[in-house]
Amino acid sequence: MNFLRIIWDYEADGNVEHVDEHDLTPADVEFVLQHAREEQASDSSGRPCVFGYTPDDEYILVVFEWIDEDTILPVTAYEVPEP
């Protein structure tokens, strides 16, 4: 994926908290965004999402929004079964 910036919201109920609820870190999410194996639309929200492995070899889904042509806002991320 081609992007330059990722927006992280550290406020209560922000995307950092949503990721943390699934025992993941912003670094895990950024790694998967940079090394995505598959991209598609989320079944539940229709937002774009990517699948990939974290540095700890967990297979996760990252749901995000494009803010502009260079900027991504992760919405949430969580572990999913491997394909």
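Here the residue numbers are simple positions, counted from 1 along each chain's written sequence. Whole-chain, interface and lining totals are the exception, using all residues; otherwise, since this is a predicted model, local features are given only for residues with pLDDT of at least 70 and side-chain atom pairs are given and counted only at 80 or more. To obtain the side-chain values, all non-hydrogen atoms of the structure were included, while hydrogens and water were left out.

**Some thoughts on the environment of R47**
Logical step 1: Helix and strand assignments come from DSSP, with helices taken as H or I runs of at least 4 residues and strands as E runs of at least 2, each series counted from the N terminus. Counting through the fold element by element, R47 comes out in the loop between β2 (38-41) and β3 (48-53).
Logical step 2: With relative accessibility at 31%, the residue R47 sits in the partly exposed group.
Logical step 3: We call two residues in contact whenever any of their non-hydrogen atoms come within 4.5 Å of each other. Not counting residues up to four positions away in its chain, the partners in contact with R47 are Q40, A41, S42, V63, F64, E65 and V75. Three labels apply to residues, based on accessible area from a 1.4 Å probe with only protein chains included: buried if under 20% of the type maximum, exposed if over 50%, partly exposed otherwise in between.

**Structural notes on the side chain of S42**
Logical step 1: Relative to the elements of secondary structure, S42 occurs in the loop between β2 and β3.
Logical step 2: Residues adjacent in sequence count toward polar contacts only when both atoms are side-chain atoms; beyond that, a polar contact is any pair of N or O atoms within 3.5 Å, and within protein one must be able to donate a hydrogen and the other to accept it. A distance of 3.3 Å separates a polar atom in the side chain of S42 from a polar atom in the side chain of S44.
Logical step 3: Here S45 takes part through its backbone nitrogen, which lies 3.3 Å from a polar atom of the side chain of S42.
Logical step 4: Leave out the neighbours within four places in its chain, and S42 touches R47 and C49.

**So, the sheet that holds β2**
Logical step 1: In spatial order, the strands read β1-β5-β4-β3-β2; together these 5 strands make up an open sheet with mixed pairing. Of all strands in the sheet, those bounded by a partner on one side alone are β1 (5-6) and β2. Criterion used throughout: strands pair if DSSP finds at least two bridges between them.

**Some remarks on the pairing of strand β5 (residues 71-79)**
Logical step 1: Bridging between β1 and β5 involves 2 bridges; their strand directions are parallel. Across the sheet, the residue bridging to R5 is T71, located in β5.
Logical step 2: With 8 bridges connecting them, strand β4 (residues 59-68) and β5 associate as antiparallel partners. The residue of β5 that forms the bridge with V63 is T76.
Logical step 3: Taken together, β4 and the strand that follows it, β5, pair antiparallel across an intervening segment of 2 residues.

**Side note on the side chain of T71**
Logical step 1: Among the structural elements, T71 can be located in strand β5.
Logical step 2: Residue T71 is classed as buried on the basis of its relative accessible area of 4%.
Logical step 3: Side-chain polar atoms of T71 contact the side chain of R5, separated by 2.8 Å.
Logical step 4: Sequence-distant contacts of T71, that is, excluding residues within four places in its chain, are made with R5, I7, E65 and W66.

**Considering the pairing of β4**
Logical step 1: Across 5 bridges, the pairing between β3 and β4 is antiparallel. Bridge assignment links Y53 to a residue of β4, and that residue is Y59.
Logical step 2: Linking β3 to β4, which pair antiparallel, is a turn of 5 residues; within it D57 sits at a positive phi near 70 degrees.

**Brief notes about the pattern of salt bridges**
Logical step 1: We count a salt bridge whenever a side-chain nitrogen from Lys or Arg sits within 4 Å of a carboxyl oxygen from Asp or Glu. Taken as a whole and judged by the stated rule, the model has 2 salt bridges.
Logical step 2: For R5, the salt bridge is made with D68, and the minimal N-O distance between the two is 3.7 Å. Taken together, the residues span a long stretch of sequence, with R5 in strand β1 and D68 in strand β4 at a distance of 63 residues.
Logical step 3: By relative accessible area, which is 37% here, D68 ends up partly exposed.
Logical step 4: Here R47 ties to E65 by a salt bridge, and the two come within 2.8 Å at their closest N and O atoms. In this pair, R47 sits in the loop between β2 and β3 while E65 sits in strand β4, placing the two residues 18 residues apart along the sequence.
Logical step 5: The exposure class of E65 is partly exposed, given its relative accessible area of 27%.

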